[in-house]
Every structure is written in structure tokens, then in C-alpha cells.
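So the chains spell out like this:
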Amino acid sequence: MKDQRSYFEKADFQSDLPPQLLTAVFGLTLVLLELAVAQWPIFYGSAPNLPLIFIYYMIIYHGKYMPIFTIFLMGIIGDFLLSDLLGGRATSFMLLAYVMQLRLLRLQQSDFGQLWVDFAMSCAAVSLFQLLLFSAVNFAIPSLSPILFQVGATLILFPIGFVLIFSVHRLLQKVKMV
């Protein structure tokens, strides 16, 4: 009879895969929520960029649970569902993730006001990248008012979304400790 302990000793019970899958599911849910909000007449197709808020928070505080494949998946599904240029949103999200990785230490030490200003610049950079990509592919400049409305709505919802995600994170930490 073989000793079964050797199999369990080699098992990795501290894997990051389950939290990464949960992060991916929640991120894709936010993409679907953005699609649902885009159907409301008040937004007229330029809904707030909710996955961007989630990506921003997760990279700062839980980077190991937000792999680049999840960011790409959120972006490409958003491109399909929201009728964007295929790969435009995904590329802009991935570029933002790489830039944030370079500045991660400074972002982790920032207070909320500095994070909000940095998020405003990041949101503007993502929108500008998508605008330039659209203009280069179609040889035309789209109307800027929906783009500015989307950036403004995203910036207004950033504190609410950030604090909600942070509160859920703290609640989960307390439950885990008990």
C-alpha cells in the first residue's frame, strides 16, 4: 500500500488562482453592468467606465489577483458588447496597467486626493488613446461631448466606487479573521 501523504505534501493550498478567478468574474460583471447602464437614456451610450475604477483599485492594492489576461478579457468583452473598436479598450486598459505597475509604489503611498487626481489623468489618457485610435482607423474625429460626458461621469463615480470596493475589502478581511 502506498503512502498517501506525499501527494498532499506537494499540493499547493495557497494558490492565487481562486481569487484571480473571482476577480475576473467580478470584473466581467462590471463590464455587463456598464453595458446595462449604457442602455439608460440619460447616458445615451456613454456610460461611466466602471471596469476602469475596478482595475485601478485592484492594481494598487491587489496586483497579484489582477493578471494582465483578466484585464485583456475585460477590455475585449467590453469592446464586443459596447461596439467599440475591437481591441481599443483592451489595449488601453493593458497600457494603463503597465504604466501603473511602474508607478505602483508611489500610488500605494498616496492619499485619496492624490489617487483621485491620478485616476483623472489615467481616465483622460485612456479616453484620449481610444479617441486617437478611432480617429486613425476611421479618418474622422467623433463628437467630443459624449467622450467628455463619459469621463466626467466616471470621475464623479470614482469616489463612490473606490470607497465601496475598499469597504467590501475591509469587511471580507474582518470575516476572514473571525
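These numbers come from a predicted model, not from an experiment.

## Quick look at the pattern of salt bridges
1) Next: A full pass over the atoms with the stated rule returns four salt bridges.
2) Next: Here Arg 89 and Asp 84 are joined by a salt bridge, their closest N and O atoms 3.1 Å apart.
3) Next: Residue classification places Arg 89 among the buried residues on the basis of a relative accessible area of 5%.
4) Next: Residue Asp 84 is classed as partly exposed on the basis of its relative accessible area, which comes to 31%.
5) Next: A single network of salt bridges, built from pairs that share partners, joins Glu 34, Asp 84 and Arg 89.

## Focus: the side chain of Asn 49
1) Next: With respect to the secondary-structure elements, Asn 49 resides in the loop between helix H2 (17-38) and helix H3 (50-61).
2) Next: Engagement of the side chain of Asn 49 in a polar contact is seen with the side chain of Arg 89, the distance being 3.5 Å.
3) Next: Contacts of Asn 49, omitting those with residues within four sequence positions, involve Glu 34, Arg 89, Phe 93, Gln 150 and Thr 154.

## Some details on the environment of Gly 152
1) Next: For Gly 152, the location among the structural elements is in helix H8 (residues 144-177).
2) Next: Separated by 29 residues in sequence, Gly 152 and Cys 123 have C-alpha atoms that sit 9.5 Å apart.

## Remarks on the nonpolar core
1) Next: Ranked by size, the top nonpolar core spans 29 residues in total, and within it Tyr 56, Ile 59 and Met 66 carry the most contacts.
2) Next: Breaking this core down by element, the ones donating at least two residues are H2, H3, helix H4 (68-81), helix H5 (88-102), helix H6 (104-108), helix H7 (112-138) and H8.
3) Next: In terms of residue count, H3 provides more of this core than any other element does, ten residues in total.
4) Next: With near-sequence residues (within four places) excluded, Met 66 lies in contact with Thr 23, Phe 54, Ile 55, Met 58, Ile 59, Ile 71 and Met 74.
5) Next: By size, the runner-up hydrophobic cluster in this structure holds five residues, among which are Ala 38, Phe 43, Ala 47 and Ala 153.

## Concerning unusual backbone geometry
1) Next: For Phe 139, which is not glycine, the phi dihedral falls at a positive 55°.
2) Next: Mapped onto the elements, Phe 139 comes out in the loop between H7 and H8.
3) Next: On the basis of relative accessibility, which here comes to 77%, the residue Phe 139 falls in the exposed class.

## Here's the deal with H3
1) Next: In this model H3 runs 17 Å from its N-terminal to its C-terminal C-alpha over twelve residues, within 8% of the 16 Å that 1.5 Å per residue would give.
2) Next: Counting buried residues in H3 gives eleven out of twelve residues, a clear majority hidden from the surface.
3) Next: Where H3 is concerned, the buried positions are Leu 50, Pro 51, Leu 52, Ile 53, Phe 54, Ile 55, Tyr 56, Tyr 57, Met 58, Ile 59 and Ile 60.

## Observations regarding H5
1) Next: A rise of 1.5 Å per residue sets the reference length of H5, with its 15 residues, at 21 Å; its end C-alpha atoms lie 22 Å apart and thus fit the reference within 8%.
2) Next: Among all positions of H5, only Gly 88, Arg 89, Ala 90, Ser 92, Phe 93, Leu 96, Ala 97 and Met 100 are buried.

## Notes on the environment of Gly 78
1) Next: Examined against the element boundaries, Gly 78 turns out to sit in helix H4.
2) Next: Classification of Gly 78 as buried rests on a relative accessible area of 0%.
3) Next: Dropping the residues within four chain positions of it, Gly 78 is found in contact with Val 31, Ser 83, Asp 84 and Arg 89.

Parameters and conventions
Residues numbered from 1 in each chain as written. Predicted model: local features only at pLDDT ≥ 70, side-chain atom pairs only at ≥ 80, totals over all residues. Heavy atoms only, no water. Salt bridge = Lys/Arg side-chain N within 4 Å of Asp/Glu carboxyl O. Buried < 20%, exposed > 50% of the residue type's maximum accessible area, 1.4 Å probe, protein only. Helix = DSSP H or I, 4+ residues; strand = E, 2+ residues; numbered from the N terminus. Polar contact = N/O pair within 3.5 Å; in protein donor to acceptor, adjacent residues only side chain to side chain. Contact = heavy atoms within 4.5 Å. Core = buried A, V, L, I, M, F, W, Y, C linked by side-chain atoms within 4.5 Å. Expected span 1.5 Å × (residues − 1).

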